[in-house]
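Notes for the structure review
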Protein chains: 2
Amino acid sequence: MSEKPQPQDPVALDLRLPDPQPQDPLALDRQVCFALAAASRSVIGLYRPVLEPLGLTHPQYLVMLALWERSPRTVRDIGQALRLEPATLSPLLRRLESAGLLTRKRNPDDERALNVELTAAGRALRQQAEQVPGQIFDRLGMNVAELERIRDGLTMLLTASQRA
Amino acid sequence: MSEKPQPQDPVALDLRLPDPQPQDPLALDRQVCFALAAASRSVIGLYRPVLEPLGLTHPQYLVMLALWERSPRTVRDIGQALRLEPATLSPLLRRLESAGLLTRKRNPDDERALNVELTAAGRALRQQAEQVPGQIFDRLGMNVAELERIRDGLTMLLTASQRA
DNA sequence: CTCATTTAGTTAGTATACTAATTATTTGTG
DNA sequence: CACAAATAATTAGTATACTAACTAAATGAG
């Protein structure tokens, strides 16, 4: 599809128009990091209209997913699950608290730690959230197996980049 | 907590320990969007120390890649290549101009458009940038074929999400 | 027990990114 | 030609995200 015939004939090479793609290591379309950044922004953009009725941004949705798996959790625990710094989560959690979806209370056994816990409204929101993955899937219109293959590749990439 | 066992085989199900993963469509680790967001942030984080000597952030590096392919380009043109809004590029380009890597001049033939053009310093930076992909590759320590497979999957995902 | 060290969050400062609104030009239509 | 519509950037406003610096609390070695 985006394939160019591999020029095996040296004579033909000189006749080609300048094209950054062929073997330029700096060609934009060859960079994994560009594919990653662009796909991430684009896919997350798909979530915007779907999450908007729930009153959530995509990062907020991820925090809710973490809390629906377990609640209460500490800031650090959520950060480890989502691979986000506490400094990023701090204001984000405050907004979710303002939205009435969770509470933030110091842990009585360790006053340094903050217990982040779902409210009834936060738990109730899960029902609506259950429709989200299906809606995104429909919009993407991709093969399930293909999507899972991509996700598994990304998980591998995440592991490799964290090891580095 | 937030678990409701799917009662298909009530007897066997009751014996399972609570585990969000198996078939919960909202399980964090199943979400393509989470793998995407986390991998994107983590891989871009790998670039930080590598790009720091060049004085570039990762988005700035992507803009430079676009300009090394062709210069001058308009803001809109760069935005289409990088899949970024002009509103995002506007301040970013101003910073690159302050860094002396490019110039911003209105197009005489169309005063609405802005010609973004590399300076000599901007062109010269390419030499150092040529070392970047190799350094990242070394840090990742992943198979080339594997990486290209992931990149191609991401490109497919990007296409699908833009079509939606 | 005491104080240096570690740990958990928050705050400050910078840079993305998005949508919506605005400004300046250019284009197209009657 | 006049002017509404379209186009290109910028600005305003909100929300992430990161590092570094800071505060408060818990831990641990002597």
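Bear in mind the structure is a predicted one, so any value in this text is a computation, not a measurement. (Residues numbered from 1 in each chain as written. Chains lettered and ligands numbered in written order. Predicted model: local features only at pLDDT ≥ 70, side-chain atom pairs only at ≥ 80, totals over all residues. Heavy atoms only, no water.)

1. Let's talk about helix H8 (residues 144-163) of chain A
Structurally, the α-helix is built with 3.6 residues per turn, so residues lying three or four positions apart point the same way. If you check H8 of chain A, its first and last C-alpha atoms are 29 Å apart, about what 20 residues at 1.5 Å a residue would give, namely 28 Å. Regarding H8 of chain A, the residues found buried are Leu147, Ile150, Arg151, Gly153, Leu154, Leu157, Leu158, Ala160 and Ser161 of chain A. Buried-residue contacts for H8 of chain A involve helix H2 (32-51) and helix H7 (132-140) of chain A together with helix H2 (32-51), helix H7 (132-140) and helix H8 (144-163) of chain B. Backbone nitrogen of Ala145 of chain A and a side-chain oxygen of the N-cap are separated by 2.7 Å at the start of H8 of chain A; the cap is Asn143 of chain A. (Helix = DSSP H or I, 4+ residues; strand = E, 2+ residues; numbered from the N terminus. Expected span 1.5 Å × (residues − 1). Buried < 20%, exposed > 50% of the residue type's maximum accessible area, 1.4 Å probe, protein only. Contact = heavy atoms within 4.5 Å. Polar contact = N/O pair within 3.5 Å; in protein donor to acceptor, adjacent residues only side chain to side chain.)

2. Topic: the protein's contact with DNA strand D
Not every one of the 26 residues close to DNA strand D is listed here, only the nearest: Thr57, Gln60, Thr88 and Arg95 of chain A together with Ser90 of chain B. Sugar plus phosphate: this is where 83% of the atoms of DNA strand D within 4 Å of the protein reside. In this structure, a phosphate oxygen belonging to DNA strand D sits 3.2 Å away from a main-chain N or O atom of Glu85 of chain A. With respect to DNA strand D, the side chain of Ser90 of chain B contributes an N or O atom lying 2.4 Å from a phosphate oxygen. Contributing elements (two or more residues each) for the surface near DNA strand D: helix H3 (58-69), helix H5 (86-98) and strand E3 (110-118) of chain A together with H2, helix H4 (75-82), helix H5 (86-98), strand E2 (102-107) and strand E3 (110-118) of chain B. Across the surface near DNA strand D, the residue classes tally to nine nonpolar, five polar and twelve charged. (Near = heavy atom within 4 Å. Nonpolar A, V, L, I, M, F, W, Y, C, P; charged D, E, K, R; others polar.)

3. Observations concerning the nonpolar core
The biggest cluster of nonpolar side chains holds 100 residues, and the ones touching the most others in it are Tyr61, Leu82 and Leu157 of chain A together with Tyr61, Leu82 and Leu157 of chain B. Two domains each put at least three residues into this core: domain 1 (27-52 + 131-164) and domain 2 (57-125) of chain B. For Leu157 of chain B, the residues in contact, after removing those within four places along its chain, are Val43, Leu140, Met142, Leu147 and Ile150 of chain A together with Val32 and Leu36 of chain B. (Core = buried A, V, L, I, M, F, W, Y, C linked by side-chain atoms within 4.5 Å. Domains from an automatic or database assignment.)

4. Notes on the sheet that holds strand E1 (residues 73-74) of chain B
Residues and elements named next belong to chain B. Spatial ordering of the open sheet is given by E1-E3-E2, a layout of three strands whose pairing is antiparallel. Every interior strand has two partners, whereas the edge strands, E1 and E2, have only one. Where H5 meets the sheet, its contacts fall on E2 and E3, and the angle it forms with E2 comes to roughly 125°. (Pairing = 2+ DSSP bridges. Axes fitted to C-alpha atoms, helices over the stretch in contact; angles between N-to-C directions.)

5. Examining the sheet that holds strand E1 (residues 73-74) of chain A
All names here are of chain A. Strand order in the open sheet made by the three strands is E1-E3-E2, with antiparallel pairing throughout. Where the open sheet ends on each side, the last strands, each with one partner, are E1 and strand E2 (102-107). Pairing of E2 with E3 involves six bridges; the strand directions are antiparallel. In the sheet register, Asn107 faces E3, and the bridge partner there is Asp110. Strand contacts of H5: E2 and E3, with the helix running at about 125° to E2, the strand carrying the most contacts.

6. Some details on the relation of the copies chain A and chain B
Mapping chain A onto chain B leaves a residual RMSD of 0.0 Å; the transformation is a rotation of 180° accompanied by 0.0 Å of translation along its axis. Both chain copies can therefore be described as sitting about a two-fold axis. (Least-squares fit on C-alpha atoms with pLDDT ≥ 70 in both.)

7. A few points about the interface of chain A and chain B
Many analyses report the size of an interface as the accessible area lost when the parts associate. Between chain A and chain B, the contact holds 60 residues from the first and 61 residues from the second. Across the chain A/chain B interface, buried area totals approximately 5500 Å², and carbon plus sulfur atoms make up 69% of it. The largest per-residue losses of area from chain A upon contact with chain B belong to Leu26, Leu28 and Glu69 of chain A, which jointly make up 13% of the total buried on that side. Applying the counting criterion to the chain A and chain B interface returns two salt bridges. (Buried area = accessible area lost by both parts, 1.4 Å probe. Salt bridge = Lys/Arg side-chain N within 4 Å of Asp/Glu carboxyl O.)

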